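# Observations on the model geometry
In case you want the letters, here they are:
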Amino acid sequence: MLTLMVFLATAVLTFAVMATIRVHSSVKRRAAGINAKLAAHADFSTPGGQAGTRFKTADRIIDYAQKHYGSADTKDMKVLRKRLMLAGVYDPRGVAFFFVARTALAVGLAIAAMLFAPGEGSSMYWMIVGAAGMFGYVAPSVYLDRRIARRRDEHRSGFPDFMDLLVVCADAGLSMEASLDRVGRELADSYPSLCSNIHMANLEIRAGRTMTEALEHLADRLGLEEARSFATLIQQSDELGSSITEALRVYSDDMRHKRLSRAEEKAYSLPAKLSLPMMLCIFPVLFVVILLPVAVRLATGGFG
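Residues numbered from 1 in each chain as written. Predicted model: local features only at pLDDT ≥ 70, side-chain atom pairs only at ≥ 80, totals over all residues. Heavy atoms only, no water.

### A few points about the overall build of the chain
Within the chain, the regular secondary structure consists of 10 helices and zero strands. Sequence-ordered secondary structure for the chain, helices as α and strands as β, is α-α-α-α-α-α-α-α-α-α. The 304 residues of the chain split such that 26% are buried. Put simply, of all contacts in the chain between residues at least 6 apart along the chain, 58% involve residues at least 24 apart. Accessible surface computed for the chain: about 20,600 Å², of which carbon and sulfur atoms make up 66%. (Helix = DSSP H or I, 4+ residues; strand = E, 2+ residues; numbered from the N terminus. Buried < 20%, exposed > 50% of the residue type's maximum accessible area, 1.4 Å probe, protein only. Contact = heavy atoms within 4.5 Å. Areas by Shrake-Rupley, 256 points an atom, 1.4 Å probe, with all protein chains shown as cover.)

### Some details on the side chain of Ser193
With respect to the helices and strands, the residue Ser193 is situated in helix α7 (residues 192-207). You can call Ser193 buried: its relative accessible area is 7%. There is a polar contact of 3.1 Å between the side chain of Ser193 and the side chain of Arg151. When near neighbours in sequence (up to four residues on either side) are disregarded, Ser193 contacts Arg151, Glu154 and His155. (Polar contact = N/O pair within 3.5 Å; in protein donor to acceptor, adjacent residues only side chain to side chain.)

### What about the nonpolar core?
If you look at the biggest cluster of nonpolar residues, it comprises 32 residues, and the most contacted ones within it are Phe159, Phe162, Met163, Leu166, Leu215, Phe230 and Leu248. Among the elements that line this core, the one with the most residues is helix α5 (residues 123-171), at seven residues. Within the second largest apolar cluster, 10 residues are counted, among which are Leu80, Leu86, Val95 and Leu144. (Core = buried A, V, L, I, M, F, W, Y, C linked by side-chain atoms within 4.5 Å.)

### Observations concerning the packing of aromatic side chains
Taken as a whole and assessed by the stated rule, the structure comprises five aromatic pairs. An angle of 85 degrees between the planes, with centres 5.8 Å apart, marks the rings of Phe98 and Phe99 as edge-to-face. Side by side, Phe98 and Phe99 carry an identical accessibility label, which is buried. Ring geometry for Phe159 versus Phe230: centroids 6.2 Å apart, planes at 80 degrees, classification edge-to-face. Pair noted here: Phe159 is in helix α5 and Phe230 is in helix α9 (residues 225-240), with a separation of 71 residues, a long-range link. Both residues of the pair, Phe159 and Phe230, count as buried. Feature note: the residues Phe159, Phe162, Phe230 and Tyr251 constitute an aromatic cluster, connected by ring pairs. (Phe/Tyr/Trp six-rings, centres within 6.5 Å; stacked < 30°, edge-to-face > 60°.)

### Some thoughts on helix α8 (residues 211-222)
Over its 12 residues, α8 extends 16 Å from the first C-alpha to the last, a length consistent with the 16 Å expected when each residue adds 1.5 Å. Every buried residue belonging to α8 is among Met211, Thr212, Ala214, Leu215, Leu218, Ala219, Arg221 and Leu222, and all of these are buried. Lining the buried residues of α8 we find α3 (75-86), α5, α6 (176-186), α7 and α9. Following α8 by one or two positions, Gly223 has its phi on the positive side, about 70 degrees. (Expected span 1.5 Å × (residues − 1).)

### Things to note about the environment of Leu233
Topologically, Leu233 is positioned in helix α9. Among the residues examined, Leu233 registers a relative accessible area of 18% and is labelled buried. Setting aside residues no more than four positions away along its own chain, Leu233 makes contact with Ala247 and Tyr251.

### A look at the environment of Ala112
Among the structural elements, Ala112 can be located in helix α4 (residues 94-116). Separated by 17 residues in sequence, Ala112 and Val129 have C-alpha atoms that sit 8.3 Å apart.

### Concerning the packing of α4 against α5
Contact geometry of α4 with α5 gives a least axis separation of 8 Å together with a crossing angle of 155 degrees. Relative to α5, the element α4 is oriented roughly antiparallel. The two elements α4 and α5 cross, and the hand of that crossing is right-handed. In contact with Phe98, Ala101, Arg102, Leu105, Ala106, Leu109, Ala110, Ala113 and Met114 of α4, α5 contributes Tyr125, Ile128, Val129, Ala132, Gly133, Phe135, Gly136, Tyr137, Ala139, Pro140, Ser141 and Leu144. Broken down by class, the residue content of the contact of α4 with α5 amounts to 17 nonpolar, three polar and one charged. (Axes fitted to C-alpha atoms, helices over the stretch in contact; angles between N-to-C directions. Parallel < 35°, antiparallel > 145°, perpendicular 65-115°, else oblique. Left-handed = near helix turned anticlockwise from the far one by under 90°. Nonpolar A, V, L, I, M, F, W, Y, C, P; charged D, E, K, R; others polar.)

### Examining the pattern of salt bridges
Scanning the entire structure with this criterion turns up 12 salt bridges. The salt bridge involving Arg185 is made with Asp181; its shortest N-O contact spans 3.4 Å. Of this pair, Arg185 and Asp181 are both found in helix α6, four residues apart, which corresponds to roughly one turn of the helix. For Asp181, the salt bridge goes to Arg206, with nearest N and O atoms at 3.3 Å. Of this pair, Asp181 sits in helix α6 while Arg206 sits in helix α7, placing them 25 residues apart in sequence. Asp181 sits in the partly exposed class, given a relative accessible area of 22%. One salt-bridge network, held together by shared partners, links Asp164, Asp253 and Arg256. (Salt bridge = Lys/Arg side-chain N within 4 Å of Asp/Glu carboxyl O.)

### Regarding the packing of α3 against α5
Closest axis-to-axis distance for the α3/α5 pair is 8 Å, and the angle between their directions is 50 degrees. With respect to each other, α3 and α5 are oriented oblique. The way α3 lies across α5 gives a crossing that is left-handed. Contacts between α3 and α5 involve Leu80, Arg83, Leu84 and Leu86 on the former and, on the latter, Ser141, Leu144, Asp145, Ile148, Arg151 and Arg152. Taken together, the residues of the contact of α3 with α5 sort by class into five nonpolar, one polar and four charged.

What follows is the structure in structure tokens.
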């Protein structure tokens, strides 16, 4: 009887706590819905309305930059769009974001230098202000170049592995589309940027593009000559009716030899790169260690 009463008391207490939590969760969901509706219809005089106004102002600025810069079809705009694509920025308003960021950084750093630089009114003061503004103007382009170089190194490092896995999939009897999908999933952890570009190529193929067009677009996004050669290889194999598996195997061996050659080139160039640090840092220390006892003995007359 005592055990039964304890069980009933525990069950009643548990159901009461569960009911309370359920009611509390329901009230929170309703309150969240009401707050969302109030935020959507809030007046701009409230703090939330001011934040909405700031977001709308930023959108207007970006739309203005997109209209006057992003929609231009000049040579410089084409180069900038290509750089943004190589950097992994696929937003249609990427050009507008780039110009807005460059202008904001240039103006912001110049104003910060005007406020905090010493010697107000002197020539050095205006040089610091100009250098700060120039640094803000150049910083987005430098960041874009560094990001492109980092992604290109990742693509170049992962492309031989991509080709090896394609050969394995082709030997297993998978089609080219299925091989790309499988290889893209296998490389997700090691080379995320390469994997995302392969996934985009798969989406293009599913959307109706031909294999050749999808691989050409993949080569444009990767920015590698190896990828362009791979697209040309697949196109010629398809047009001539030759074995894609054999062509992939030969090209994969070539990619592996190229990667080994790049590693050997870096290894052979290492002594030449180390010569300058050795001359500046190691040899002076050796001269001091060798000649300091002699100089001390000469100064103290130890040889006499």
